[in-house]
Amino acid sequence: MARVKWEPQGLGGFGNMVTPAASPVVRNDDGNPNPHLLINCDMGAVYISDDLGQHWRIFHYRDLRGNTGVKPAFSNHYGQQGELNTIYAGSAFGEMKVTHDGG
């Protein structure tokens, strides 16, 4: 997979998307690689995609609030058969959040 560098553009604020993260390779049912994506918004929301950004779902704010200074991280075994789908994320209030079911 090609390495991509993310550089936010603009002033920030107004829904700027920051701190993107991609999981290790997850295989679709047809065997094609499909990393999951997670991104924070400076308005407080966190979004996750399991189809390379075609569709996104939002985390409920009680579960995870956006943090523009801390990049989320996927476990090294994320998406591997028989392994937990662990994601680590820092919340807006300095808390460490962990999910073992992919969000």
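For the structure itself, look to the data block above.
Basis of the calculations
Residues numbered from 1 in each chain as written. Predicted model: local features only at pLDDT ≥ 70, side-chain atom pairs only at ≥ 80, totals over all residues. Heavy atoms only, no water. Pairing = 2+ DSSP bridges. Helix = DSSP H or I, 4+ residues; strand = E, 2+ residues; numbered from the N terminus. Buried < 20%, exposed > 50% of the residue type's maximum accessible area, 1.4 Å probe, protein only. Contact = heavy atoms within 4.5 Å.

### What about the sheet that holds strand β2 (residues 37-41)?
Okay, so step 1: Spatial strand order, β1-β2-β3-β4: four strands in an open sheet with antiparallel pairing. Two strands bound the open sheet, and with one partner strand each, they are β1 (17-22) and β4 (57-58).
Okay, so step 2: For strand β3 (residues 46-49) and β4, the ladder comprises two bridges, and the chain directions are antiparallel. Bridging from a neighbouring strand, tyrosine 47 pairs with isoleucine 58 of β4.

### A word on the sheet that holds strand β7 (residues 96-99)
Okay, so step 1: As summarised here, the arrangement of the three strands in space is β5-β6-β7, forming an open sheet in which the pairing is antiparallel. In this open sheet, the two strands that pair with only one neighbour each are β5 (73-74) and β7.

### Some remarks on the environment of threonine 68
Okay, so step 1: Tracing the chain through its elements places threonine 68 in the loop between β4 and β5.
Okay, so step 2: Using a relative accessible area of 45% as the deciding quantity, one classes threonine 68 as partly exposed.
Okay, so step 3: The sequence separation of threonine 68 and valine 46 amounts to 22 residues, and the corresponding C-alpha distance is 9.9 Å.
Okay, so step 4: Here threonine 68 is in contact with Val18, Thr19, Cys41 and Asp42, once residues within four sequence places are set aside.

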